[in-house]
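# Close look at the chain arrangement
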Amino acid sequence: MTRKTITIREKFNAPIAEVFGTLSNHEKFGEICGINMTRIHDGTDGANGLGSIRTIKIGPLPAFEETITGFTPNEFIEYKITRGSPIKNHIGTLKFSEDNNQTVLDYTIKLESKIPFTTGIIKAALQNGISKGLSKYARSF
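Report on the accompanying structure. (Residues numbered from 1 in each chain as written. Predicted model: local features only at pLDDT ≥ 70, side-chain atom pairs only at ≥ 80, totals over all residues. Heavy atoms only, no water.)

### Focus: the nonpolar core
- Among the nonpolar cores identified, the biggest contains 33 residues, and Leu23, Leu94, Phe96, Leu105, Tyr107, Ile130 and Leu134 are the most heavily contacted of them.
- Those elements that provide at least two residues to this core are strand S1 (4-12), helix H1 (16-23), helix H2 (26-33), strand S4 (64-72), strand S5 (76-83), strand S6 (87-99), strand S7 (102-113) and helix H3 (119-139).
- Tallying contributions element by element places H3 first for this core, with six residues.
- Setting aside chain neighbours within four positions, we find Leu134 in contact with Ile8, Glu10, Phe12, Leu23, Ile32, Leu105 and Tyr107. (Core = buried A, V, L, I, M, F, W, Y, C linked by side-chain atoms within 4.5 Å. Buried < 20%, exposed > 50% of the residue type's maximum accessible area, 1.4 Å probe, protein only. Helix = DSSP H or I, 4+ residues; strand = E, 2+ residues; numbered from the N terminus. Contact = heavy atoms within 4.5 Å.)

### Let's talk about the packing of aromatic side chains
- Summed over all chains, the structure comprises six aromatic pairs.
- Taken together, a centroid distance of 5.4 Å and an interplanar angle of 55° make the contact between Phe12 and Tyr137 tilted. One end of the pair, Phe12, is in strand S1; the other, Tyr137, is in helix H3, with 125 residues separating them in the sequence. Each member of the pair, Phe12 as well as Tyr137, carries the same accessibility label: buried.
- Put simply, the rings of Phe12, Tyr137 and Phe141 touch in pairs and so form one group of aromatic residues.
- The ring of Tyr79 has Arg54 sitting right over it, with the charged end atom 4.6 Å from the ring centre. (Phe/Tyr/Trp six-rings, centres within 6.5 Å; stacked < 30°, edge-to-face > 60°. Lys NZ or Arg CZ within 6 Å of the ring centre and 35° of its normal.)

### Observations regarding the sheet that holds S1
- The strand order across the open sheet built from seven strands is S1-S7-S6-S5-S4-S3-S2, with neighbouring strands paired in antiparallel fashion. Bordering the open sheet on either side are S1 and strand S2 (36-41), each of which pairs with just one other strand. Averaged over all neighbouring strand pairs, the angle between strand axes comes to 20°, with direction disregarded.
- Bridge analysis of S6 against S7 gives 11 bridges, and the strand direction is antiparallel. Bridge pairing in S7 links Thr93 to Thr108.
- Set on the sheet, H2 makes contact with S2, strand S3 (53-57), S4, S6 and S7; between it and S2 the angle comes to about 170°.
- Across the sheet, H3 lies against S1, S6 and S7, angled at about 5° from S1, the strand it touches most. (Pairing = 2+ DSSP bridges. Axes fitted to C-alpha atoms, helices over the stretch in contact; angles between N-to-C directions.)

Structure, rendered in structure tokens:
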């Protein structure tokens, strides 16, 4: 199976603290990206922080879980799928920085499907949905 990478860069006309606060909130992030996402376990350093777990339900597929494995406020979020997904070797990283009074988000997802020949299809669907949601959120400022 082939591992694929999604890279998304989005700029927001808002302070890092505001953008990070919204995108680190599991339910709000889910709303922005059009994903049914719910926090089911609080993190050790805050509800949505390190160690927090969210469940994700997409269409008719069974729900799966993602765990926050890296968290630095206003700088960095890392998560991995930890239970119940047809995707393996999945890791997402969100890096936040500032440029000309804008917040810059560099979002990378690496993934591989357990089902042969479907990694590209999953990649395209994820990239399309997340990109559209983040772009719409960026235009809200």
